[in-house]
Amino acid sequence: MDLGVRWKLHGGDGRTPAPGAVVRPDERLTWPRTVGLGAQHVVAMFGASFVAPVLMGLDPNLAIMMSGVATVIFLLATRGRVPSYLGCSLSFVGVAAVIRADGGSSAVVTGAVLVVGAVLFLVGLAVQRFGARIIHATMPPIVTGAVVMLIGFNLAPVTASTYWPQDQWTALLVMLFTGLAVVCLRGFWSRIAIFLGLLFGYGISWAFDRIFGRIHSADASGKVTDHWRLDLSGVGNADWIGLPDLHGPSFQWSAILVALPVVIALVAENAGHVKAVGEMTGDNLDSKLGTAISADGAASVLSTAVGGPPNTTYSENIGVMAATRVYSTAAYWAAAGFALLFGVCPKFGAIVAAIPGGVLGGITVILYGMIGLLGAQIWINAKVDLRNSLNLVPAAAGIIIGVGNVTLEFTDTFELSGIALGTLVVITGYHTLRAFAPAHLKTQEPLLDEGTSSYDEEHGTGEGTQRASS
């Protein structure tokens, strides 16, 4: 059975890819280079995967460890065809806050999220059974592009309000350095530009502490204090080996009903991520969409069953792939290995957790923007006409809601906001408007992703299957 764990060396020697060359999912560079890329993926996901469980009141070390386990499950399930990292989902932060505000414990939070993971798993099975057509019929190019865009740009406030204010000048320098590294460096060095930006940020923060002393700004919790930019005190206090805390789930209907709407966002998020990966790699990944959704659900069930947070494919790592053009799943296996080590070694976790907020601010400005612009690439490749009001109106409304994190309150205990609400507006808005739109607006764009799916061939249109351009 092909599990996608065999790779051929890129270019024959796996050393330095040619300028502009793409390292495909079934290829790898030399193992030292692959391990380095894996480390870069871990660093890219670590900020959100560490912060999200903290905001949910869960153990961040367990979150990191289970993200490695989830990534392994995902890679095996998709047999190495969909390069993705599964980290802690930010979609549930608001849900956890609502559940805790109603007196729910960590067990209640993980129990509610476990049910969402199970539902997501069943949705994936349905997609496998009936084909990706049911997803594409619901989310044509205008919808998938808008979802990818609002997922990426929804992360902008994290940079603007959490990371950047902690040290604006370090963030600016790191942003400039990383941008120059991505564009100007050649060979392997350009492939690890994000990682180099983080190392540069570490160095700059250390130097600024020695030159200027403590900085008066917001810390990671948002409290304005005098503090060191680079605080390594947690590294010295952390143990080398230590298992994270585990607990079982508890199920309450009220909490489950609050969490269930997030399924909408997760399905759209997975579809958008698979679409984005397909656009970058040039592969037709329609046949893997249901598997990817099911693997995400199964991984979330496993994580929450032991007290961890839910997992989902990570936008940050898609941004790293967009920057490096290295899509090798071998790098994700290396990343999963690092995550497992971080999970059982609090000291390693403390080192990565010590990354100054200003450094993350400079990095995420570029990464999050890249993610959002992949949505525009989907529109361009599908030749979506934004002059058509049927396309323009739902996409415009959904993106603003997603980016602005607009909230719609239904009751005192149930609300939709941000990605979930924006996605719902794009999907329902498009299909509702399409039902009432005049015929000439409906004929300007095929309902399905023409040229990026196998439906034409399967349904006898005679056009066959084409590969999406990367």
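Definitions and cut-offs
Residues numbered from 1 in each chain as written. Predicted model: local features only at pLDDT ≥ 70, side-chain atom pairs only at ≥ 80, totals over all residues. Heavy atoms only, no water. UniProt positions renumbered as here; feature names shortened; annotations may be inferred. Helix = DSSP H or I, 4+ residues; strand = E, 2+ residues; numbered from the N terminus. Buried < 20%, exposed > 50% of the residue type's maximum accessible area, 1.4 Å probe, protein only. Contact = heavy atoms within 4.5 Å. Areas by Shrake-Rupley, 256 points an atom, 1.4 Å probe, with all protein chains shown as cover. Salt bridge = Lys/Arg side-chain N within 4 Å of Asp/Glu carboxyl O. Core = buried A, V, L, I, M, F, W, Y, C linked by side-chain atoms within 4.5 Å. Phe/Tyr/Trp six-rings, centres within 6.5 Å; stacked < 30°, edge-to-face > 60°. pLDDT = per-residue confidence, 0-100. Axes fitted to C-alpha atoms, helices over the stretch in contact; angles between N-to-C directions. Parallel < 35°, antiparallel > 145°, perpendicular 65-115°, else oblique. Left-handed = near helix turned anticlockwise from the far one by under 90°. Nonpolar A, V, L, I, M, F, W, Y, C, P; charged D, E, K, R; others polar. Patch = residues over 30% accessible without salt bridge, like charges linked within 9 Å, V, L, I, M, F, W, Y side chains within 5 Å.

- Going by the annotation in an unreviewed UniProt entry, the name recorded for the chain is Nitrate reductase, with Streptomyces chartreusis given as the source organism.
- For the record of the chain, the UniProt heading Sequence similarities (unreviewed entry) holds the text "Belongs to the nucleobase:cation symporter-2 (NCS2) (TC 2.A.40) family."
- Word for word, the UniProt comment on the chain under Subcellular location (unreviewed entry) is "Membrane".

Section: the overall build of the chain
Item 1. Summing up its helical and strand segments, the chain has 22 helices and eight strands in all.
Item 2. Taken over 470 residues, the chain has a buried fraction of 57%.
Item 3. Taking the contacts inside the chain whose residues are at least 6 apart along the sequence as the reference set, 77% of them involve residues at least 24 apart.
Item 4. Carbon and sulfur atoms provide 65% of the accessible area of the chain, an area that totals close to 19,200 Å².

Description of the pattern of salt bridges
Item 1. Under the definition given, this model contains three salt bridges.
Item 2. A salt bridge links Arg 229 to Asp 167, with the shortest nitrogen-to-oxygen separation between them at 3.2 Å. Taken together, the residues span a long stretch of sequence, with Arg 229 in the loop between β5 (224-227) and α11 (233-237) and Asp 167 in the loop between α7 (156-163) and α8 (168-184) at a distance of 62 residues. No difference in accessibility class separates Arg 229 from Asp 167, as the two residues are buried.
Item 3. Across the pair Arg 229 and Asp 209 runs a salt bridge, and its minimum N-O distance is 3.1 Å. With Arg 229 in the loop between β5 and α11 and Asp 209 in helix α10 (residues 193-212), the pair connects residues that are 20 residues apart, well separated along the chain. Comparing Arg 229 with Asp 209 shows no difference in burial state: the two are buried.
Item 4. Beyond isolated ion pairs, a larger network of salt bridges with shared partners links Asp 167, Asp 209 and Arg 229.

What to know about the nonpolar core
Item 1. Formed by 78 residues in total, the largest nonpolar core has its most connected members in Val 143, Leu 289 and Trp 379.
Item 2. Looking at this core, the element that brings in the most residues is helix α13 (residues 262-281), giving 10 residues.
Item 3. Excluding residues within four positions of it along the chain, Leu 289 makes contact with Val 127, Ala 132, Ile 135, Asn 270, Ala 271 and Val 274.

Considering the side chain of Arg 28
Item 1. Considering the arrangement of structural elements, one finds Arg 28 in strand β2 (residues 27-28).
Item 2. Ignoring anything within four residues of it in the chain, the contact list for Arg 28 reads Trp 7, Lys 8, Leu 9, His 10, Gly 14, Val 23, Thr 34, Ser 328 and Ala 330.

Description of unusual backbone geometry
Item 1. One non-glycine residue, Arg 79, lies in the positive phi region at around 55°.
Item 2. Residue position: Arg 79 is located in the loop between α2 (60-77) and β3 (86-88).

A word on the packing of aromatic side chains
Item 1. Evaluated as defined, the whole model comprises three aromatic pairs.
Item 2. The interplanar angle of 85° and the centroid separation of 5.9 Å between the aromatic rings of Trp 7 and Trp 31 together place this pair among those described as edge-to-face. Taken as a pair, Trp 7 in the segment before β1 (8-9) and Trp 31 in helix α1 (residues 31-56) lie far apart in primary sequence, 24 residues in all.
Item 3. Classification of Trp 31 as partly exposed rests on a relative accessible area of 42%.

Regarding the confidence of the model for the chain
Note: predicted coordinates in regions of low pLDDT should not be interpreted at a detailed level.
Item 1. Across the chain, the average pLDDT comes to 79, with 86% of residues at or above 70.
Item 2. Contacts for the low-pLDDT stretch residues 445-470, under 50 throughout, to residues beyond four places or in other chains number 67 contacts.

Some remarks on the packing of α2 against helix α14 (residues 289-305)
Item 1. At a minimum axis separation of 9 Å, α2 and α14 run at an interaxial angle of 150°. It follows that α2 is roughly antiparallel to α14 by the angle criterion. Seen from above, α2 lies across α14 with right-handed handedness. Here Met 66, Val 69, Ala 70, Ile 73, Phe 74 and Ala 77 of α2 come into contact with α14, specifically with Thr 291, Ala 292, Ala 295, Ala 299, Leu 302 and Ser 303.
Item 2. Tallied by class, residues from the contact of α2 with α14 come to 10 nonpolar, two polar and no charged.

Details of a nonpolar patch on the surface
Item 1. A contiguous nonpolar patch, built from Leu 386, Leu 392, Val 393 and Leu 433 and spanning about 290 Å² of accessible area, is present on the exposed surface.
Item 2. Mapping Leu 386 onto the fold places it in the loop between α18 (357-381) and α19 (389-404).

Thoughts on the environment of Ala 298
Item 1. Residue position: Ala 298 is located in helix α14.
Item 2. Here the alpha-carbon distance between Ala 298 and Ala 118, two residues 180 residues apart in the chain, equals 6.9 Å.

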